[in-house]
Amino acid sequence: MTNHHVIAGCTGDQETGDWDLTASVVQDNLEPRTELARWDPENDLALLYVAEEFPTLTVGASPTKGQPVMSVGSPYDLDGTVDAGTLSNISDRFVTHSAGIGPGNSGGPLVDRLGNAIGVNTYRAVDSPAQNIAVRMRVACQVILDC
């Protein structure tokens, strides 16, 4: 699972029908065959099929305001970065949180204290670095995954 804006170049040109559904996932110097399986630009979500077994996350319970969360990603090319914060707001589609994110966190998971995915980090509010946005996993389950 990642954000659509991360893989938007792979979805091709809908007018010409020119599609390139290949993508690249690299971990520990491995680059397994990866294909774009499904995407939803409206909710900024995409699902990749990776022909290699990677650790998976469990979808967490419905989030609650004030609960501790962690963002995972590679902001500014700092691989495997984790930052902690709390949920400050919950809407139907998004959660707002204070766990730090930056360029490179897009598409990375927002997890609860048990390591369960509760969102997909999407962007940081420009005027407030403590207001970070993640698409809720309930949305991902409705439009991309079979949860």
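Above this text is the structure in question.
In this report, the structure presented in the accompanying data block is examined. (Residues numbered from 1 in each chain as written. Predicted model: local features only at pLDDT ≥ 70, side-chain atom pairs only at ≥ 80, totals over all residues. Heavy atoms only, no water.)

## Here's the deal with the pairing of strand β9 (residues 132-136)
Consideration 1: The element β9 is largely enclosed, with a buried count of five among its five residues.
Consideration 2: Note that strand β6 (residues 94-97) and β9 share four bridges and pair antiparallel. When the sheet's bridge partners are listed, His 97 is paired in β9 with Asn 132.
Consideration 3: Pairing of strand β8 (residues 117-124) with β9, which is carried by five bridges, proceeds in the antiparallel orientation. In the sheet register, Tyr 123 faces β9, and the bridge partner there is Ile 133. (Buried < 20%, exposed > 50% of the residue type's maximum accessible area, 1.4 Å probe, protein only. Helix = DSSP H or I, 4+ residues; strand = E, 2+ residues; numbered from the N terminus. Pairing = 2+ DSSP bridges.)

## A few points about unusual backbone geometry
Consideration 1: Phi at Asp 44 takes a positive value of approximately 55 degrees, unusual for a residue other than glycine.
Consideration 2: Position of Asp 44 relative to the elements: it lies in the loop between β2 (33-40) and β3 (45-50).
Consideration 3: A positive phi is found at Tyr 76, a non-glycine position, where the angle reads about 55 degrees.
Consideration 4: If you trace the backbone, Tyr 76 turns up in the loop between β4 (68-73) and β5 (81-90).

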